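Here's the letter readout for the chains.
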Amino acid sequence: ADGFTMENVSGIGWNDGLSGDGSSEIEVGARKEHVERYARQLVLGSFGLESQKRLMNGVVLIVGAGGLGCPAALYLAAAGVGHIVLVDTEDTVDRSNLQRQIAYSTRDVDHSKKAHALAERIRAMNPNVEVTAFTSGLHPWNAESLLDGIHVALDCSDNVLTRYVLGDACAIRHIPLVSGAAIGTDGQLSVFCDSEDTPCYRCVFPVAPPAKCVSSCDTGGVLGPVPGTIGVLQAMEAIKLLSSFSGAKSLSRRMLLFDAAESTFRNIKLRPRNPQCIACGNPSDPSSKIHQVEKYNYGRFVYGVNADGLVCKPEDDGLLSASDRMAFSISVQELYEMVQSHKQLILVDVRSQEQFQMCSLKNSVNFPLSVLPNQLNEVHQLVQKNQNDDSHLIVLCRRGRDSQRALRVLHENGLMHAKQLEGGLSSWRSHIDPSFPDY
Ligand SMILES: [Zn+2]
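All of the points below concern the structure found in this document. (Residues numbered from 1 in each chain as written. Predicted model: local features only at pLDDT ≥ 70, side-chain atom pairs only at ≥ 80, totals over all residues. Heavy atoms only, no water.)

**Structural notes on the overall build of the protein chain**
If you tally the helices and strands in the protein chain, you get 18 helices and 13 strands. Scored against the burial criterion, the 439 residues of the protein chain give a buried share of 46%. Taking the intrachain contacts of the protein chain between residues at least 6 apart in sequence as the baseline, contacts between residues at least 24 apart amount to 65%. Taken as a whole, the protein chain presents about 22100 Å² of accessible surface, with 51% of it coming from carbon and sulfur. (Helix = DSSP H or I, 4+ residues; strand = E, 2+ residues; numbered from the N terminus. Buried < 20%, exposed > 50% of the residue type's maximum accessible area, 1.4 Å probe, protein only. Contact = heavy atoms within 4.5 Å. Areas by Shrake-Rupley, 256 points an atom, 1.4 Å probe, with all protein chains shown as cover.)

Okay, structure coming up:
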């Protein structure tokens, strides 16, 4: 309609393969753009035009816009996937994310929501890709509707609850799920639900990890290239599932284990689908079958709590009782006043040695919670050395959970006057010293 077509230029015109016979509605400028942009995969014998067309009609859901989601989304966008749906929470970009979440820049810190910032990056890189970004998070109440029209889902999340909700929803809806995980220097990758015999996430992980692991306040360390590698491999698996290019073999019924420290990749075989699985099978007790994720009690399954928040699988999480917490906690304001009035303080920081060396309060000493039970003699010596009528023994950690666990250890070993810093260093930063690093 704008009057300029290739026909005007050469009098012959040209066909592009991607949009059919050349009489297509797609304007010639867009056709030229597609051919040039995707040339390197179009000329690849095993991939080619037909695979590219399938990719361009593909709709992908990416749950989590973090260390896995960033590289996965960028590679899928670059390859020309038709529509990418991103789901993350209301979280904005944190400075400590930048080490691995490579779609973000320093100016995104503290003000851009991750899902929105990632969508922006995708649009800038490949405007042919349609992007939809949700900041609702993925929950039992919206998981199945988010999967409407989705061809492949990617689990790039960082928490157990989301993994089960998405895994179950994909099992119920028969949508292939590319599941990635990375922690420390280890990565994991598998594809679930992409065929009749392929297990779902719950077939492989029928039992949630203990509540202690789920609710730890200790931040897990990770080297950026580890989620980077797994995220890129998730994009590769999604490209295989969407385009089924010649020779592509999905990672279903296998799990790939990446050891970055050793530079090894291993493939382990997974058992076939469990016919008794409550998500993808027909359990002998039909009432246990999950028909809709919305109706299933994930709180009880993952945390051992029922809908009212009551613990039904009593499991000691090591935290203080409510009354002990009232009696044996001090606020960051109280600590600040003690420092100001030169009270004699013994500050015991129970975070890991790595975190302590990274940043710590002046004059605090480090007894990591994991080794505290073996270092009680040293703690006793420290207390005796500094003892006077007015000395205070205060235990602190990152967010005020491990300090409660440590306090129980100290109380059980005779250090009854010890108290814990409520809210930990995170609260200290929020209320007293904003210059203390947020990590
Ligand atoms: Zn299953």
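**Topic: the coordination of the zinc ion**
Geometry sets the ideal angles at a metal, namely 109.5 degrees for four tetrahedral donors and 90 or 180 degrees for six octahedral donors. Only Cys200 (SG), Cys203 (SG), Cys277 (SG) and Cys280 (SG) from the protein coordinate the zinc ion, and they sit 2.2 to 2.3 Å from it. Coordination at the zinc ion comes from 4 donor atoms whose angles at the metal span 95 to 118 degrees, giving a geometry best classed as tetrahedral. Each donor residue of the zinc ion lies on the same chain, and together they follow the pattern C-x2-C-x73-C-x2-C. Look at Cys277 and you get buried, because its relative accessible area is 3%. (Donors = N, O, S within 2.8 Å, 3.2 Å for Na, K, Ca; no water. Tetrahedral: all angles 85-135°; square planar, octahedral: opposite > 155°, others 65-115°.)

**Examining the pattern of salt bridges**
A complete count under the given rule lists 13 salt bridges for this structure. Between Glu33 and Arg37 there is a salt bridge, with the nearest N and O atoms lying 2.8 Å from each other. In this pair, Glu33 and Arg37 both sit in helix α2 (residues 28-37), 4 residues apart, roughly one turn of the helix. Using a relative accessible area of 26% as the deciding quantity, one classes Glu33 as partly exposed. (Salt bridge = Lys/Arg side-chain N within 4 Å of Asp/Glu carboxyl O.)

**Considering the pairing of strand β5 (residues 177-183)**
A regular strand places its side chains so that they alternate between the two faces of the sheet. Across 3 bridges, strand β4 (residues 152-155) lies against β5 in parallel orientation. Among the inter-strand pairings, Asp155 is bridged to a residue of β5, identified as Ser179. Each parallel crossover has a hand, and the one from β4 via helix α8 (residues 160-173) to β5 is right-handed. Across 7 bridges, β5 lies against strand β6 (residues 186-192) in antiparallel orientation. Of the residues in β6, the one forming a bridge with Ser179 is Ser190. (Pairing = 2+ DSSP bridges. Right-handed = clockwise from strand over helix to strand, strands pointing away.)

**Observations regarding the packing of aromatic side chains**
Using the criterion set out here, one finds 8 aromatic pairs in the structure. One aromatic cluster in this structure is built from Tyr164, Phe192, Tyr201, Phe205, Tyr296, Tyr298 and Phe301. Just above the ring of Phe301 sits the side chain of Arg202; from NZ or CZ to the centre is 4.3 Å. Note that Arg398 overlies the ring of Tyr439, its terminal NZ or CZ placed 4.9 Å from the centroid. (Phe/Tyr/Trp six-rings, centres within 6.5 Å; stacked < 30°, edge-to-face > 60°. Lys NZ or Arg CZ within 6 Å of the ring centre and 35° of its normal.)

**Topic: the layout of surface pockets**
Considered as a void within the structure, the second largest pocket measures approximately 320 Å³ in volume. Together, 17 residues line the second largest pocket, and Val339, Leu345, Leu347, Lys362 and Asn363 are the ones closest to its centre. Secondary structure elements with two or more residues in the lining of the second largest pocket: α14 (332-340) and β10 (344-349). Considered class by class, the residues forming the lining of the second largest pocket number 11 nonpolar, 4 polar and 2 charged. (1 Å grid on protein atoms, 1.4 Å probe; cavity = no way out; pocket = protein on both sides within 12 Å on 5 of 7 lines; lining within 4 Å. Points joined across faces, edges and corners; volume = space filled by probe spheres on them. Nonpolar A, V, L, I, M, F, W, Y, C, P; charged D, E, K, R; others polar.)

**Brief notes about helix α5 (residues 69-79)**
The element α5 is largely enclosed, with a buried count of 9 among its 11 residues. Among the residues of α5, Gly69, Cys70, Pro71, Ala72, Ala73, Leu74, Leu76, Ala77 and Ala79 are the ones counted as buried. After α5 finishes, the residue Gly80 shows a positive phi value of roughly 100 degrees.

**Observations regarding the packing of α5 against helix α6 (residues 114-125)**
Any two packed helices are characterised by the angle at which their axes cross and by the distance between the axes. Look at α5 against α6: their axes get within 9 Å of each other, and the N-to-C directions meet at 25 degrees. Judged by the inter-axis angle, α5 sits roughly parallel to α6. Crossing handedness for the pair α5 and α6: right-handed. Residues Gly69, Cys70, Ala73, Leu74, Ala77 and Ala78 of α5 touch α6, and the partners they reach there are Leu118, Arg121, Ile122 and Met125. A breakdown of the residues in the contact of α5 with α6 according to their chemical character gives 8 nonpolar, 1 polar and 1 charged. (Axes fitted to C-alpha atoms, helices over the stretch in contact; angles between N-to-C directions. Parallel < 35°, antiparallel > 145°, perpendicular 65-115°, else oblique. Left-handed = near helix turned anticlockwise from the far one by under 90°.)

**Structural notes on α6**
If you check α6, its first and last C-alpha atoms are 16 Å apart, about what 12 residues at 1.5 Å a residue would give, namely 16 Å. Taken together, the buried positions of α6 are occupied by Lys114, Ala115, Ala117, Leu118, Ala119 and Ile122. Buried residues along α6 sit against α5, β2 (83-87) and β3 (130-134). (Expected span 1.5 Å × (residues − 1).)

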